[in-house]
Amino acid sequence: MTGRILVYYCVLCGGWAAVLAWTLVTTTGLASLESDLLFSSLFGALFGLMMGGALGIWDSLRNGPPNQRPVRILMSMILGFFGGFVGGVLCELTVKISPLFRLIGWMTLGAAIGSTIYIYDLVHAKLANRCSSLASRRFMYGIIGGLGGGAIGGLIFSLLDVTGVRDALPRFSLALPVSVLGCFIGLSAGLSQVLAKETWIRVQSGFGSGRELLLAHPETVIGRAESCDFGLSGDPSVDRVHARIHREGNTFMLADAGSQGGTFLNNHRVTHPTKLYSGDLIRVGSSVLTLEERQESSSH
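Just so it is clear, the model here is predicted, and its values are computed rather than measured.

1. Some points on helix 4 (residues 103–127)
Thinking step 1. For helix 4, built from 25 residues, the straight-helix expectation of 36 Å at 1.5 Å per residue is met to within 8% by its first-to-last C-alpha distance of 34 Å.
Thinking step 2. The sharpest bend along helix 4 measures roughly 55 degrees and falls at Ile117.
Thinking step 3. Taking burial as the measure, the 25 residues of helix 4 include 18 buried ones, the bulk of the element.
Thinking step 4. Asn129 sits one or two positions beyond helix 4 and adopts a positive phi of about 55 degrees.

2. Observations concerning the sheet that holds strand 7 (residues 263–265)
Thinking step 1. Here we have six strands laid out as an open sheet, ordered 2-1-11-10-7-8, and antiparallel in their pairing. Edge positions in the open sheet fall to strand 2 (212–214) and strand 8 (268–269), since each of these has one partner strand only.
Thinking step 2. Pairing of strand 1 (residues 199–205) with strand 11 (residues 287–293) involves six bridges; the strand directions are antiparallel. When the bridges of strand 11 are listed, Ser205 appears paired with Val288.

3. Here's the deal with the nonpolar core
Most often, soluble globular proteins keep nonpolar side chains buried together rather than apart.
Thinking step 1. By size, the foremost hydrophobic cluster in this structure holds 29 residues, and its most contacted members are Phe47, Leu55 and Trp106.
Thinking step 2. Broken down by secondary-structure element, the contributors of at least two residues to this core are helix 1 (3–28), helix 2 (36–63), helix 4, helix 5 (133–162) and helix 7 (175–196).
Thinking step 3. Discounting chain neighbours no more than four positions away, the residues touching Leu55 are Cys10, Cys13, Ile113, Ile117 and Ala189.

4. Concerning helix 3 (residues 69–95)
Side chains that are three or four residues apart share a direction in an α-helix, a result of its 3.6 residues per turn.
Thinking step 1. In this model helix 3 runs 38 Å from its N-terminal to its C-terminal C-alpha over 27 residues, within 8% of the 39 Å that 1.5 Å per residue would give.
Thinking step 2. Listed as buried for helix 3 are Arg72, Ile73, Ser76, Gly80, Gly83, Gly84, Gly87, Gly88, Cys91, Glu92, Thr94 and Val95.

5. Looking at the sheet that holds strand 4 (residues 230–231)
Thinking step 1. If you trace the five strands from one edge of the open sheet to the other, you get 4-3-5-6-9, paired in mixed fashion. Each of the sheet's edge strands pairs with one partner strand only, and the pair in question is strand 4 and strand 9 (274–275).
Thinking step 2. As paired elements, strand 6 (residues 251–256) and strand 9 share two bridges and run antiparallel to each other. Within the sheet, the bridge partner assigned to Met253 lies in strand 9 and is Lys275.

6. Describing the packing of helix 3 against helix 4
Helix-helix packing is described using two parameters, namely the angle between the two axes and the distance between the axes.
Thinking step 1. Packing of helix 3 against helix 4 brings their axes to within 8 Å, and their N-to-C directions diverge by 165 degrees. Between helix 3 and helix 4, the angle falls in the class roughly antiparallel. Of the two elements, helix 3 crosses helix 4, and the hand of that crossing is right-handed.
Thinking step 2. A per-class count over the contact of helix 3 with helix 4 returns 14 nonpolar, ten polar and two charged.

7. Side note on a nonpolar patch on the surface
Thinking step 1. Taken together, the side chains of Ile97, Leu100, Phe101, Ile104, Leu155, Leu159 and Val162 present a nonpolar region at the surface, about 610 Å² in accessible area.
Thinking step 2. Mapped onto the fold, Ile97 is located in the loop between helix 3 and helix 4.

8. Describing the pairing of strand 1
In regular strands, side chains alternate between the two faces of the sheet.
Thinking step 1. Two elements, strand 1 and strand 2, share three bridges in a ladder whose sense is antiparallel. Residue Trp200 lies in a different strand from strand 2, and its bridge partner there is Leu214.
Thinking step 2. Where strand 1 hands over to strand 2, the hairpin turn is made up of six residues, of which Gly206 adopts a positive phi near 110 degrees.

9. Section: the pattern of salt bridges
Thinking step 1. For the structure on display, the rule yields three salt bridges.
Thinking step 2. One salt bridge connects Arg72 with Asp121, and the closest N-O pair in it is separated by 2.9 Å. Taken together, the positions of Arg72 in helix 3 and Asp121 in helix 4 put the pair 49 residues apart, joining distant regions of the chain.
Thinking step 3. With relative accessibility at 4%, the residue Arg72 sits in the buried group.
Thinking step 4. Between Arg244 and Glu219 there is a salt bridge, with the nearest N and O atoms lying 3.4 Å from each other. Placement of the pair is Arg244 in strand 5 (residues 243–248) and Glu219 in strand 3 (residues 219–223), with a sequence separation of 25 residues.
Thinking step 5. A residue is classified by how much of its surface remains accessible, and Glu219, at 31% relative accessible area, is partly exposed.

Rules behind the numbers
Residues numbered from 1 in each chain as written. Predicted model: local features only at pLDDT ≥ 70, side-chain atom pairs only at ≥ 80, totals over all residues. Heavy atoms only, no water. Helix = DSSP H or I, 4+ residues; strand = E, 2+ residues; numbered from the N terminus. Expected span 1.5 Å × (residues − 1). Bend = angle between axes of the 7 residues up to and from the residue. Buried < 20%, exposed > 50% of the residue type's maximum accessible area, 1.4 Å probe, protein only. Pairing = 2+ DSSP bridges. Core = buried A, V, L, I, M, F, W, Y, C linked by side-chain atoms within 4.5 Å. Contact = heavy atoms within 4.5 Å. Axes fitted to C-alpha atoms, helices over the stretch in contact; angles between N-to-C directions. Parallel < 35°, antiparallel > 145°, perpendicular 65-115°, else oblique. Left-handed = near helix turned anticlockwise from the far one by under 90°. Nonpolar A, V, L, I, M, F, W, Y, C, P; charged D, E, K, R; others polar. Patch = residues over 30% accessible without salt bridge, like charges linked within 9 Å, V, L, I, M, F, W, Y side chains within 5 Å. Areas by Shrake-Rupley, 256 points an atom, 1.4 Å probe, with all protein chains shown as cover. Salt bridge = Lys/Arg side-chain N within 4 Å of Asp/Glu carboxyl O.

Now the structure itself:
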């Protein structure tokens, strides 16, 4: 998946999650609450929950093996919920100073949502006592991107409020600015993922052509088993555990995992751990993977 398509998907996730949150607000009666603070905090929590869930589901399908997906999605939703709750409270408290100050709350919500897709990898690295520098750096990319998306979307939200556009469209008074805000936060989340991409593998041909996986862990397991980091369950010629890619600093080593059909690097069978370079072709079963880098720093 190219960076452009990645960003498009994130924008769609953000926009539709925002619309869904607005729909739930209108159908559950939250809009009739007398307390503005209670309404703002609950709406923010619901908004964050929907966006965290949407981005978490989409990201887990791209980067997480099946056995990790429920936990990834749950952690994204929890972080989105609490970030949205705090953002909603700040929106209501700061708007009393000036409507434009409301963007502080939206920036808080955006930062929480932008980091939801990285929270699992960071917590997993910490609990496993693994090096977490890469996970921490990607987490910060998400926070910074979310802050930017929340600031831009929140500014537009506030301007629509100040100029009276919301009042002119009472039926869609909340849906319009919220959907705009959701799209901008989704945009920032997508851009942060593009910037955070350093090294990844992509299916060049075979099962799941075009699918990608960031090499963010010390070890990436390739195989047909559901527990594998990069699953190729649709390729019967791939063993359950076929190959492994080990990360050693900025170096990646490919090793066969005792597969029957063997693992091939640039058409040569891998018999011992071999260093990978950008553009290398890895063949496992009938599938061909390629190693790609955001900035090529090595060559043969």
